[in-house]
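Descriptive structure summary
Here is what each chain is made of, one letter per residue.
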Amino acid sequence: MQFIFKGIPIRFEIFFWITMGIISFGLWGNISQAFLAFWIMVFSIFFHELGHALMARFFGQKPSIEMTAFGGRTTNLSKPKLSLWKEFLVVLAGPLVGVCLAFISWKTL
């Protein structure tokens, strides 16, 4: 499955869905908890990779996201490489999105 979000090509491999299903349904016996865990994992990994991609795009790069069996991968399709400082910010953007999601979740509970 492939689509484009804000000019960023995003591809989901079938093994991503299978792995997320095995992990979530393998850890929880209750089907509703497993279903919730499945979507939490999918969205958290997706937004983590989207954080990397949007920061790269902010710096004029052409990122691409591929959701693979054990997570995701954001790659740069542009030739001019970023400076180390900008590359550090691209790497940092993924975990920062996770921290923001955790804070939003904590505040809504």
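Everything below is about the structure shown above.
Residues numbered from 1 in each chain as written. Predicted model: local features only at pLDDT ≥ 70, side-chain atom pairs only at ≥ 80, totals over all residues. Heavy atoms only, no water.

1. Comments concerning the pattern of salt bridges
Using the following cut-off: The term salt bridge refers to a side-chain nitrogen of Lys or Arg lying within 4 Å of a carboxyl oxygen of Asp or Glu.
One pass over the full model with this rule turns up 3 salt bridges. Linked by salt bridges that have partners in common, Arg11, Glu13, Glu66 and Arg73 make up one network.

2. Description of the side chain of Glu49
Under the convention used in this document: To qualify as a helix, a DSSP run of H or I must reach at least 4 residues; to qualify as a strand, a run of E must reach at least 2; elements of each kind are numbered from the N terminus. Under the scheme applied here, a residue whose accessible area is under 20% of the maximum for its type counts as buried, over 50% as exposed, and between as partly exposed, the area being computed with a 1.4 Å probe on protein chains only. The charge count includes Lys and Arg as positive and Asp and Glu as negative, but it does not include His or the ends of the chains. Side-chain atoms alone can form a polar contact between residues adjacent in sequence; in general such a contact is a pair of N or O atoms within 3.5 Å, and within protein one must be able to donate a hydrogen while the other accepts it. Contact between two residues is taken to exist if any of their heavy atoms lie within 4.5 Å; hydrogens are not considered.
Here Glu49 is to be found in helix α2 (residues 31-58). Buried charge without a salt bridge: Glu49, with Arg73 as the nearest opposite-charge side chain at an N-O distance of 8.1 Å. Within the structure, Glu49 has its side chain in polar contact with the side chain of Thr74 (distance 2.6 Å). The contacts of Glu49, once residues within four sequence positions are left out, are Ile65, Met67, Gly72, Arg73 and Thr74.

3. A look at the environment of Pro63
Relative to the helices and strands, Pro63 resides in strand β3 (residues 63-68). Taking the C-alpha atoms as reference points, Pro63 and Ser78, 15 residues apart in sequence, are found 7.6 Å from one another. Ignoring sequence-local partners within four residues, the contact set of Pro63 consists of Ile8, Pro9, Ala53, Ala56, Arg57, Thr74, Thr75, Asn76 and Leu77.

4. Re the nonpolar core
A general trend in soluble globular proteins is that nonpolar side chains are found buried together. What counts is decided by this rule: Among buried residues, the Ala, Val, Leu, Ile, Met, Phe, Trp, Tyr and Cys ones that are joined through side-chain atoms within 4.5 Å form a nonpolar core.
Ile8, Ile10, Phe12, Phe16, Met20, Phe38, Val42, Phe46, Leu50, Ala53, Ile65 and Met67 form the largest nonpolar core, which has 12 residues in total. Residue assignment for this core shows that the elements contributing at least two residues are β2 (8-12), α1 (14-27), α2 and β3. Ranked by residues supplied to this core, first place goes to α2 with 5 residues. If sequence neighbours within four positions are ignored, Ala53 has contacts with Ile8, Pro63, Ile65 and Thr74.

5. Here's the deal with the sheet that holds strand β4 (residues 71-76)
Short version of the rule: The pairing criterion for strands is at least two bridges between them, as found by DSSP. To get an axis, fit a line to the C-alpha atoms, keeping to the stretch in contact for a helix; angles then go from 0 to 180 degrees between the N-to-C directions.
Taken together, 4 strands build an open sheet; the order of strands is β1-β2-β3-β4 and the sheet is mixed. For this open sheet the edge positions go to β1 (2-5) and β4, each flanked by a neighbour on one side alone. Taking each pair of neighbouring strands and ignoring which way they run, the sheet shows an average axis angle of 20°. Against the sheet, α1 makes contact with β2, β3 and β4, and its axis sits at roughly 55° relative to β2, the strand it touches most. Seen against the sheet, α2 touches β1, β2, β3 and β4 and runs at an angle of roughly 165° to β3.

6. A look at the side chain of His52
Looking at the element boundaries, His52 is found in helix α2. Here His52 is in contact with Thr74, Val90, Val91, Ala93, Gly94 and Pro95, once residues within four sequence places are set aside.

7. Considering the packing of aromatic side chains
Test applied: Here is the rule: rings of Phe, Tyr and Trp (six-membered ring for Trp) pair when centre to centre is within 6.5 Å. Planes less than 30 degrees apart are stacked, more than 60 are edge-to-face, and the remainder are tilted.
As enumerated under the stated definition, the model contains 15 aromatic pairs in all. For the ring pair Trp39 and Phe43, a centre distance of 5.7 Å and an interplane angle of 35° mean the geometry is tilted. Here Phe43 and Trp39 lie together in helix α2, a separation of 4 residues that amounts to about one turn. On the basis of relative accessibility, which here comes to 32%, the residue Trp39 falls in the partly exposed class.

Note that all results are geometric; they support no functional claim without further evidence.
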